[in-house]
Amino acid sequence: SDRHNSLVPEAVAHRITVAWLVAIAKGGCHMISVYLRDSVGMNAENKKICEVVVTIVRTLKRPCIIAGDWNMQPALLSKSGFLGMVGGTVFAPELPTCNDKTFDYFVVTNNFAHAVVGVQRIEGVGMSPHFPARPLLRGDARRCQVNTLVRPKRVPPVLMHGPQPRHPSYE
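The paragraphs below set out a description of the structure included in this document. (Residues numbered from 1 in each chain as written. Predicted model: local features only at pLDDT ≥ 70, side-chain atom pairs only at ≥ 80, totals over all residues. Heavy atoms only, no water.)

1. Observations regarding the overall build of the chain
- In terms of regular secondary structure, the chain is built from 5 helices and 7 strands.
- If you list the helices and strands of the chain from N to C, you get α-β-β-α-β-α-α-β-β-β-β-α.
- Oriented by its inertia axes, the alpha-carbon framework of the chain measures out at about 85 × 40 × 30 Å.
- By residue count, 36% of the 171 residues in the chain fall in the buried class.
- As displayed, the chain has an accessible area near 11200 Å², and 56% of this comes from carbon and sulfur atoms.
- Side-chain charges of the chain comprise 20 positive and 12 negative groups, with the mean position of each set lying 11 Å from the other. (Helix = DSSP H or I, 4+ residues; strand = E, 2+ residues; numbered from the N terminus. Buried < 20%, exposed > 50% of the residue type's maximum accessible area, 1.4 Å probe, protein only. Areas by Shrake-Rupley, 256 points an atom, 1.4 Å probe, with all protein chains shown as cover. Lys, Arg positive; Asp, Glu negative; His and termini not counted. Charge placed at Lys NZ, Arg CZ, Asp CG, Glu CD.)

2. Section: the state of the cysteines
- Throughout the structure, instances matching the rule amount to 0 disulfides.
- In this structure C64 is a free cysteine whose sulfur lies 7.8 Å from that of C29, the closest cysteine sulfur available.
- Taking relative accessible area as the criterion, C64 reaches 0% and is therefore assigned buried.
- With no disulfide partner, C98 has as its closest neighbouring cysteine sulfur the one in C50, 18 Å distant. (Disulfide = S-S within 2.5 Å.)

3. Focus on the environment of P74
- Along the polypeptide, P74 turns up in helix 3 (residues 74–79).
- For P74, a relative accessible area of 18% puts it in the buried group.
- Spatially, the C-alpha atoms of P74 and A92 are 7.7 Å apart, while their sequence positions differ by 18 residues.
- Residues contacting P74, with those up to four places away along its chain left out, are V90, A92, T102 and Y105. (Contact = heavy atoms within 4.5 Å.)

4. As for the pairing of strand 2 (residues 29–35)
- Two elements, strand 1 (residues 16–21) and strand 2, share 6 bridges in a ladder whose sense is antiparallel. For I16, the partnering residue across the bridge sits in strand 2 and is V34.
- Of the pairings in the sheet, the one linking strand 2 to strand 3 (residues 64–69) comprises 6 bridges and is parallel in character. Its bridge partner lying in strand 3, H30 is registered against C64.
- A crossover links strand 2 with its parallel partner strand 3, the connecting element being helix 2 (residues 44–60), and its sense is right-handed. (Pairing = 2+ DSSP bridges. Right-handed = clockwise from strand over helix to strand, strands pointing away.)

5. Let's talk about the nonpolar core
- By size, the foremost hydrophobic cluster in this structure holds 27 residues, and its most contacted members are I16, I32, I66, W70, L77, F82 and V107.
- At the level of secondary structure, the elements contributing two or more residues to this core comprise strand 1, strand 2, helix 2, strand 3, helix 4 (82–86) and strand 5 (104–109).
- Ranked by residue count, the leading element in this core is helix 2, at 8 residues.
- The next biggest cluster of nonpolar side chains, apart from the first, holds 12 residues, and it includes A67, F112, A115 and A133. (Core = buried A, V, L, I, M, F, W, Y, C linked by side-chain atoms within 4.5 Å.)

Structure below.
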């Protein structure tokens, strides 16, 4: 939606798209599509794109599936610290997705990783040398979701200044 894509700066809007799905998880989840520059690894431009994705994920507060043509192997993305910043896990197909390397895969936030069963490379779509990939999600992912309690904010024990108000009459 436009509301979510307004989080993406114009300089990288051609590389990142955000959508909200009212499905899969209670309250929905967000899908983020990322396309990093190819043949450059984790250079300054790709770091900037990843930093924008981190900001978006931290802002959304819901489970996120980040689908990407990352143009780098999962190990290099992991080494960059990106997974720790988004609180995510890589899910990649076992077969290569571009020539003999795996560039097309998913990063799923850890609060939703329980829903992912695996990732498949899709054959026969005529997108040589790339093969798209799709995540396989559990049909009962909502049942496996874990609710967590959030501690309320502490109220400081400071009395108001001046005379205390009168207690109401209980007559």
